[in-house]
Structures are given as structure tokens and as C-alpha cells.
Amino acid sequence: MAFARLLFRVLLILLIVLAVIGMMLPSSAKIERSVLINAPASAIFPHLNGMRAFHAWSPWSAIDPETDYRFEGPEQGIGSRMNWESGREKVGHGSQEIVDSVPNQRVEMQLEFGDKGSGNATFRLEPEGSATRVRWQFHTDFGWDLFGRYVGLMLDSMIGMSYEKGLNTLKARVEQRPASQTRGGDQAWQSQSATTAT
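Attention here is on the structure that accompanies the text. Since this is a predicted model, take the numbers as computed values, not measurements.

On to the overall build of the protein chain, then. Along its length, the protein chain carries five helices and eight strands. In the protein chain, the succession of α and β elements from N to C terminus is α-β-α-α-β-β-β-β-β-β-α-α-β. A total of 198 residues make up the protein chain; the buried ones form 40% of that total. Approximately 11200 Å² of the protein chain is accessible, and the part contributed by carbon and sulfur atoms is 57%.

Okay, here's the thing in C-alpha cells:
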């Protein structure tokens, strides 16, 4: 009994310590990846502004061929929506919908991951000479979800590589368009580690 009481006290103290640390961790997290695409924003924007178009180069599309994807709303613009359901934990289930769209400048999406939370993804297009830098950002708020705050510390390593892979695929698709619409060139990556705000 003495050992059991000691073990209980140790576990209780550990839980209290973890809870206190969790309350001190940032309540939100943000990641960003970008790529320079040798094409004008007008040639890139349609690949971002519709969920079917996004799905064509999404880094998660090929993970589970058995995933059930359903598309709703307009083909392009606000209200374009994708729902997915997969038996694989890495894909899971959820939805993604365009909630804001500024032609050739920005596309914002709301993501829902069921009991795993939600977040916002934003694509920003910034001219750089004859090319365009595409920034893919993800932001999520954890509120008082202490476990989520711990997950936030690993968010960049969890999805950063997928963002890079997706942007690489997008770049290849766009730059394979007719020469009259794009110009050749080398890829330039920029990454930004997870940033947090309380």
C-alpha cells in the first residue's frame, strides 16, 4: 500500500507539472513554406482557388488511394469545398473550404479535422520580377487544450515536409504549361519554422 500511495503521489505531481507547463506554452502555432515559381500569378492562382484543382497537386492525395473524396460548391472561389474520409490515421477525415479569395493575390481555407481540431490555411502570391513567390501558411489556435499546445511544438516537423512536397509538385505542374505562359528557371525554397503567439 505504501508503494501504491507513493506512486500515486508521483503521478499526481507529474500531471500537475505537465499541466502547469502546458498553460505556459503558446496557445497558437503557425508554419510557413514558400517556393518561387517561374510564372505570373495569373497562371498559378487557378491551381489554388478550387478544391478539385488543389487536390490535383496536394501532398496528401496519394497517401491512401482508398480515401473517399467528395467535392461541393463552385469549381473555383469562395464556397469550393472538399470532404474526405480515410481509414488511415495519417489522412483521417475532415473538410477544407475556401472562405476568402482575392484574384491572383490570396486564397484562404478553413480546415476541420474532426476531434483533432481545426485551422486556417492561406496561400499568398507575391510577384518577384517575372516570377511569383507562393507562400503556404497554416495557423491554428489551441485555446486551453493543453495537449494541443504540446502538439504545437512539433507542428512544423509534422507537416512542414508535406508542404514542401506539395509546393514542389505545384511548381512542376505550373512550369510545364506552354512556354508562352511560363519561363524556365531554378526552384528557390524558403522555409519558416513554427512561430507561436499566446
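What follows picks up the thread again.
This model, assessed by the stated rule, comprises eleven salt bridges. With a shortest N-O distance of 2.9 Å, E97 and R81 are connected by a salt bridge. Remark: R81 occurs in strand 3 (residues 81-85) and E97 occurs in strand 4 (residues 93-102); sequence separation between them is 16 residues. Residue class for E97 comes out partly exposed when judged on its relative accessible area of 25%.

Here we take up the side chain of R135. You can see R135 is positioned in strand 7 (residues 131-141). What makes R135 buried here is its relative accessible area of 17%. A polar atom in the side chain of R135 sits 2.8 Å from the side chain of E32.

Grouped together as the largest cluster of nonpolar side chains are 35 residues, with contacts concentrated most on I44, L48, F123, V134 and L170. Elements represented by at least two residues in this core include exactly strand 1 (28-37), helix 2 (41-48), helix 3 (51-57), strand 3, strand 5 (106-112), strand 6 (118-128), strand 7 and helix 5 (155-175). In terms of residue count, the dominant contributor to this core is helix 5 (six residues). Those residues in contact with L170 that sit more than four places away from it in its chain are I37, I44, H47, L48, W57 and V134.

Within the structure shown, the criterion is met by ten aromatic pairs. Here the aromatic residues F54, W57, W60, F123, W136 and Y163 are joined through ring pairs into a cluster of three or more.

The subject of this paragraph is the packing of helix 2 against helix 5. Packing of helix 2 against helix 5 brings their axes to within 10 Å, and their N-to-C directions diverge by 125°. Comparing the axis directions of helix 2 and helix 5 gives the class oblique. Handedness of the helix 2/helix 5 crossing: right-handed. Across from A43, I44, H47 and L48 in helix 2, the residues of helix 5 making contact are L170, R173 and V174. The residue inventory of the contact of helix 2 with helix 5, partitioned by class, reads five nonpolar, one polar and one charged.

All right, on to helix 5 then. Because an α-helix packs 3.6 residues into every turn, residues spaced three or four apart end up facing the same way. Taking 1.5 Å as the rise per residue, helix 5 with 21 residues should run 30 Å; its terminal C-alpha atoms sit 30 Å apart, in good agreement. Within helix 5, the full set of buried residues consists of L155, D156, I159, G160, S162, Y163, G166, L167, L170, K171 and V174.

Bringing unusual backbone geometry into the picture now. One non-glycine residue, N104, lies in the positive phi region at around 65°. Counting through the fold element by element, N104 comes out in the loop between strand 4 and strand 5.

Cut-offs used in this document
Residues numbered from 1 in each chain as written. Predicted model: local features only at pLDDT ≥ 70, side-chain atom pairs only at ≥ 80, totals over all residues. Heavy atoms only, no water. Helix = DSSP H or I, 4+ residues; strand = E, 2+ residues; numbered from the N terminus. Buried < 20%, exposed > 50% of the residue type's maximum accessible area, 1.4 Å probe, protein only. Areas by Shrake-Rupley, 256 points an atom, 1.4 Å probe, with all protein chains shown as cover. Salt bridge = Lys/Arg side-chain N within 4 Å of Asp/Glu carboxyl O. Polar contact = N/O pair within 3.5 Å; in protein donor to acceptor, adjacent residues only side chain to side chain. Core = buried A, V, L, I, M, F, W, Y, C linked by side-chain atoms within 4.5 Å. Contact = heavy atoms within 4.5 Å. Phe/Tyr/Trp six-rings, centres within 6.5 Å; stacked < 30°, edge-to-face > 60°. Axes fitted to C-alpha atoms, helices over the stretch in contact; angles between N-to-C directions. Parallel < 35°, antiparallel > 145°, perpendicular 65-115°, else oblique. Left-handed = near helix turned anticlockwise from the far one by under 90°. Nonpolar A, V, L, I, M, F, W, Y, C, P; charged D, E, K, R; others polar. Expected span 1.5 Å × (residues − 1).

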